[in-house]
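So the chains spell out like this:
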Amino acid sequence: MKRISKTAHSNLYTYGFVIIAYAVLMLITATGGISSSLKGQLVPICAYVVMAVSLNLTVGVLGELSLGHAGFMSVGAFTGVVACISLEALIPLAPLRMAISMVIGALCAGMAGALIGIPVLRLRGDYLAIVTLAFGEIIKNIINCLYVGTDSRGLHISFLTNSDALNLGEDGRVIIDGPMGISGITKISTFTTGIILILVTLFIVLNLVNSRSGRAIMALRDNRIAAESVGIPVTKYKMMAFVISAALAGAAGTLYAMNYSTIIATKFNFNTSILILVFVVLGGLGNVLGSIIAAAVLTVIPELLREFDDYRMLVYAIVLILVMIATNNAVFKSMLRRVLGKIRPSITKDVKEGP
Amino acid sequence: MLKVDNINVYYGAIHAIKGVSLEVNEGEIVTLIGANGAGKSTVLKTISGLLRSKTGEIIFLDENICSLASHKIVERGLAQVPEGRRVFLQMTVQENLEMGAYTRRGNIKGTMEKVYAQFPRLLERRKQVAGTLSGGEQQMLVMGRALMSHPKLLMLDEPSMGLAPILVEQIFAIIQTLNKEGTSILLVEQNAQMALSIADRAYVLETGSIAVSGTGRELIESDNIRKAYLGG
Ligand SMILES: Nc1ncnc2c1ncn2[C@@H]1O[C@H](COP(=O)(O)OP(=O)(O)OP(=O)(O)O)[C@@H](O)[C@H]1O
Ligand SMILES: [Mg+2]
């Protein structure tokens, strides 16, 4: 019983942290105390936080390496925006349309996750890393060759051609224009939408982790053979964690895309996948609050470093290295633990520390 | 209660198990002995559904379990203690035991108390992380964990491996107690002397097929077995 109340406590800290951060930022924005460039970053930060928390489910909790998380974001971004544009006439209410689009983005990304997971997750070994890496690249190239338009007769899809091949009617509109991506998006993502998506993500991930299924997932991360011997259906739980992770990335993709007027597939490339992996590793494997903070801070830093101009990425890299050294340093860690005492909320107390 | 009939198991092109048949009756201790690489672990993994046989059938409690998923087989009351002390390293002793009851619904307190009574050492170490237990304690933990699923038949893969003689005796005594309390046992062992001395019946596996079978006593007294497996 004691342990349950302890995890419940640390979960509350995580929700509380997000809500307080939201309140503070809304207050600063209202009083005009925030630069416009930073204000523009609020929605991307939310999207990256969701990406990091969801990737943590695969990498930290399930213990499988995924190198193509941006691929799921891409699937969610493009399907979500297509849905949103197609539904424009049907659902004029923007927040509702946004919510439905995110659900559609999540469903499509979840299906992509299932398609990859079914063959790969039955195998032992690091096949998932290789396959997700390939998936990220393949999905990028597919969307680059994809043309989608809409008119009164419905959706038109064409592949490897050009937008003329869509045969749209008079009232038609090209949505995805191959390598040009989607342009003319009505930006309906707001910071509030982003925070709601973060809270929903936390609700799903934290509840999963603290459930019977979550314990089974962590058991199979710990020792697969032992997990099989006590009767845990290994493939089922791997699929569950991986598909949920992919679906949440899809919703984050929709959120992200609806914040820009133009979105192209190459935005969601290997670098983005690695960036998110960096958030997860720096925040701590299995540590949800860590992922949130790492994603937020590391998205803001490059923005703050604008004044360094050309040296921006250099300074960013140095910051990363310093943080990496600091978080893996035993002395620093024990100091941090003393300072933070009991309030270091980690969803999995049993995750190995360090590499 | 368990009847394995003519199974053939392959690792790719390697024909590891060649037409093995064996049987465990209710209440028995049956042992499967043989040299390294004879295929003992392979037989156990096939019974528990981790590997598939190309032929034959495996009947457990009148049901063909050949094509059942491994977690379904545990649910049916057939538990395996895998080779090499596979504890959940990052969980405590208590959490390990809780995971052992994964396939069961309802209250596990009673079973947990029984397991602790059987292994008082585990009770002392209840809150210790399993990765820091000694080898002997880890072996007790995996056995206790398997008992948490309430198995009717318990399969043990080399429970005495790497343990000091006194611990080996302890482990064998526990196996006998479990058996008296109603759990049937299929025991794979390198320590043929000990295994044969507690077994009702025994099978000797040689490069993938059963070479000899008989009662424990018959095999201990057989000259060939003594030469091959009991060191003279
Ligand atoms: N995954 C595998 N891939 C290929 N060959 C394997 C695999 N596992 C086992 N083998 C081979 O199958 C044969 C039987 O192995 P098994 O582990 O069943 O032997 P064992 O009787 O349990 O031996 P030991 O007493 O050393 O544990 C061996 O020749 C082994 O090399
Ligand atoms: Mg073996």
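Residues numbered from 1 in each chain as written. Chains lettered and ligands numbered in written order. Predicted model: local features only at pLDDT ≥ 70, side-chain atom pairs only at ≥ 80, totals over all residues. Heavy atoms only, no water.

Caption draft 1: Fine view of the overall build of chain A. What chain A contains, in helices and strands, is 13 helices and three strands. Structurally, chain A occupies a C-alpha span of about 65 × 55 × 40 Å along its principal axes. For chain A, the share of sequence-separated contacts (at least 6 apart) that also reach a separation of at least 24 residues comes to 73%. Here chain A displays about 16,500 Å² of accessible surface, and carbon together with sulfur accounts for 68% of that area. Across chain A, the 27 positively charged side chains and the 17 negatively charged ones have centroids separated by 16 Å. (Helix = DSSP H or I, 4+ residues; strand = E, 2+ residues; numbered from the N terminus. Contact = heavy atoms within 4.5 Å. Areas by Shrake-Rupley, 256 points an atom, 1.4 Å probe, with all protein chains shown as cover. Lys, Arg positive; Asp, Glu negative; His and termini not counted. Charge placed at Lys NZ, Arg CZ, Asp CG, Glu CD.)

Caption draft 2: Inspection of the interface of chain A and chain B at higher detail. Counting residues at the interface gives 23 residues for chain A, matched by 20 residues for chain B. Carbon and sulfur atoms make up 54% of the area that chain A and chain B hide from each other, which totals about 2,000 Å². The largest per-residue losses of area from chain A upon contact with chain B belong to Arg212(A), Asp222(A) and Val230(A), which jointly make up 30% of the total buried on that side. Remark: the boundary between chain A and chain B carries zero salt bridges. (Buried area = accessible area lost by both parts, 1.4 Å probe. Salt bridge = Lys/Arg side-chain N within 4 Å of Asp/Glu carboxyl O.)

Caption draft 3: Broad picture of a nonpolar patch on the surface. Among the surface-exposed residues, Phe308(A), Tyr311(A), Leu314(A), Ile318(A), Ile321(A), Leu322(A) and Ile325(A) lie close enough to one another that they form a single nonpolar patch of about 740 Å² accessible area. Inspection of the secondary structure puts Ile321(A) in helix 12 (residues 312-327). (Patch = residues over 30% accessible without salt bridge, like charges linked within 9 Å, V, L, I, M, F, W, Y side chains within 5 Å.)

Caption draft 4: Examining the site of ligand 1 more closely. All names here are of chain B. Within the structure, ligand 1 sits among 14 residues, and Lys40, Ser41, Thr42, Glu83 and Gln190 are positioned closest to it. Here Asn36 contributes a side-chain N or O atom positioned 2.7 Å from an oxygen atom of ligand 1. For ligand 1, the accessible surface in isolation is 630 Å², of which the surrounding protein chains cover 61%. Breaking the shell around ligand 1 down by element, the ones donating at least two residues are strand 2 (14-24) and helix 1 (40-47). (Near = heavy atom within 4 Å. Polar contact = N/O pair within 3.5 Å; in protein donor to acceptor, adjacent residues only side chain to side chain.)

Caption draft 5: The arrangement of the layout of surface pockets in detail. What the second largest pocket holds in volume is close to 470 Å³. Forming the boundary of the second largest pocket are 22 residues, of which Arg124(A), Glu228(A), Gly49(B), Leu50(B) and Ser70(B) lie nearest the centre. Broken down by secondary-structure element, the contributors of at least two residues to the lining of the second largest pocket are helix 8 (224-229) and helix 9 (234-257) of chain A together with helix 2 (70-75) of chain B. Counting residues per element, the lining of the second largest pocket draws most heavily on helix 8 of chain A, which supplies three residues. Tallied by class, the residues present in the lining of the second largest pocket amount to nine nonpolar, five polar and eight charged. (1 Å grid on protein atoms, 1.4 Å probe; cavity = no way out; pocket = protein on both sides within 12 Å on 5 of 7 lines; lining within 4 Å. Points joined across faces, edges and corners; volume = space filled by probe spheres on them. Nonpolar A, V, L, I, M, F, W, Y, C, P; charged D, E, K, R; others polar.)

Caption draft 6: Broad picture of the pattern of salt bridges. All names here are of chain B. Following the criterion strictly, the structure yields ten salt bridges over all chains and no others. Arg121 is the partner of Glu137 in a salt bridge, and the nearest nitrogen-oxygen pair spans 3.0 Å. With Glu137 in helix 6 (residues 135-147) and Arg121 in helix 5 (residues 120-124), the pair connects residues that are 16 residues apart, well separated along the chain. On the accessibility criterion, Glu137 (6% relative accessible area) is buried. A salt bridge links Glu221 to Arg217; the nearest nitrogen and oxygen atoms lie 3.8 Å apart. Of this pair, Glu221 and Arg217 both sit in helix 9 (residues 216-221), four residues apart, which is roughly one turn of the helix. What you see here is one network of salt bridges that share partners, running through Arg121, Arg125 and Glu137. (Buried < 20%, exposed > 50% of the residue type's maximum accessible area, 1.4 Å probe, protein only.)

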